[in-house]
Amino acid sequence: LIISRYPDLAAEARFIKQYGGQIPVIVHLHLNYGFLHPTQQQALLLSIAGARKLICNCEALRDDYQKLFPSYQWEFVNNGIETALFYPATEVERAHFKRQNVIPESKKLLCYTGRLNHAKGLQLLEQVLAFVSETDQYFLIIQCIYLPKYKEAIEKIEHTYKSVRILVNQDVKADRFD
């Protein structure tokens, strides 16, 4: 069994094309097709063509792919969430976080966690950044891994937008991303 988690990568598409006829392939999609670079879209199409099962990580993404590629049967499996670790913060926890990070108490927090590239919706994040900068109600926290190619995006965000803080995780081994 081959489970493809990165079907938009050319190497993975070639692997599926080479072995997909002999071994069942499940393609797991977690990126919006419209956000992908044309070369990623091309690789994704090759991966889809060689798959026996196509799975998205949420209903909305499945519905989008079903509209784009109606000749395939699309399914979804929600990503699991460890509710003991990820839960809404209490008022006390939020107030403590704001004090600790020197964020005005009156600001509502927005958070983005992920890579700073178009496949993960950087263009939408830039729209949110513009909105946050135009209002005085919100503060945006961006948590991302550091890759040298993200340096320009990080610097642009830090110098262009107010009410934004970027928390960069330098400890992640990021060689497998992008």
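Refer to the structure above for everything that follows.
Read on for a plain summary of the structure. Treat the numbers as computed from the prediction; the structure is a model and nothing was measured.

## Some points on the overall build of the protein
Logical step 1: Summing up its helical and strand segments, the protein has six helices and seven strands in all.
Logical step 2: Listed N to C, the secondary structure of the protein is β-α-β-α-β-α-β-α-β-α-β-α-β in terms of helices and strands.
Logical step 3: Expressed as a percentage of its 178 residues, the buried residues of the protein come to 37%.
Logical step 4: Across the protein, contacts joining residues at least 24 apart in sequence account for 59% of those joining residues at least 6 apart.
Logical step 5: Element-wise, carbon and sulfur atoms account for 55% of the exposed surface of the protein, whose accessible area totals about 11400 Å².
Logical step 6: Computed over 21 positive and 19 negative side-chain charges, the separation of the two mean positions in the protein equals 3 Å.

## Quick look at the side chain of S4
Logical step 1: Residue placement: S4 occurs in strand β1 (residues 2-4).
Logical step 2: Discounting chain neighbours no more than four positions away, the residues touching S4 are E12, I16, I26, V27 and H28.

## What to know about the pairing of strand β5 (residues 108-113)
Logical step 1: Judged from the six bridges that link them, β5 and strand β6 (residues 138-145) form a sheet pairing that is parallel. Bridge pairing links C111 to I141 in β6.
Logical step 2: Crossover connection from β5 via helix α5 (residues 122-134) to parallel β6: handedness right-handed.

## Considering the environment of H28
Logical step 1: With respect to the helices and strands, H28 occurs in strand β2 (residues 25-29).
Logical step 2: Classification of H28 by relative accessible area gives buried; the value is 18%.
Logical step 3: Sequence separation of H28 and R14 is 14 residues, and the distance between their C-alpha atoms is 16 Å.
Logical step 4: When neighbours within four sequence positions are excluded, H28 is seen to be in contact with S4, R5, P7, I55, N57 and N79.

## As for the pattern of salt bridges
Logical step 1: Enumeration over the complete set of coordinates arrives at six salt bridges.
Logical step 2: Its salt-bridge partner being R62, residue E59 comes within 3.9 Å of it at the nearest N-O pair. Taken together, the residues span about one helical turn, with E59 and R62 both in helix α3 (residues 59-68) at a distance of three residues.
Logical step 3: Classification of E59 by relative accessible area gives partly exposed; the value is 44%.
Logical step 4: For R62, a relative accessible area of 19% puts it in the buried group.

So, how was this worked out
- Residues numbered from 1 in each chain as written.
- Predicted model: local features only at pLDDT ≥ 70, side-chain atom pairs only at ≥ 80, totals over all residues.
- Heavy atoms only, no water.
- Helix = DSSP H or I, 4+ residues; strand = E, 2+ residues; numbered from the N terminus.
- Buried < 20%, exposed > 50% of the residue type's maximum accessible area, 1.4 Å probe, protein only.
- Contact = heavy atoms within 4.5 Å.
- Areas by Shrake-Rupley, 256 points an atom, 1.4 Å probe, with all protein chains shown as cover.
- Lys, Arg positive; Asp, Glu negative; His and termini not counted.
- Charge placed at Lys NZ, Arg CZ, Asp CG, Glu CD.
- Pairing = 2+ DSSP bridges.
- Right-handed = clockwise from strand over helix to strand, strands pointing away.
- Salt bridge = Lys/Arg side-chain N within 4 Å of Asp/Glu carboxyl O.

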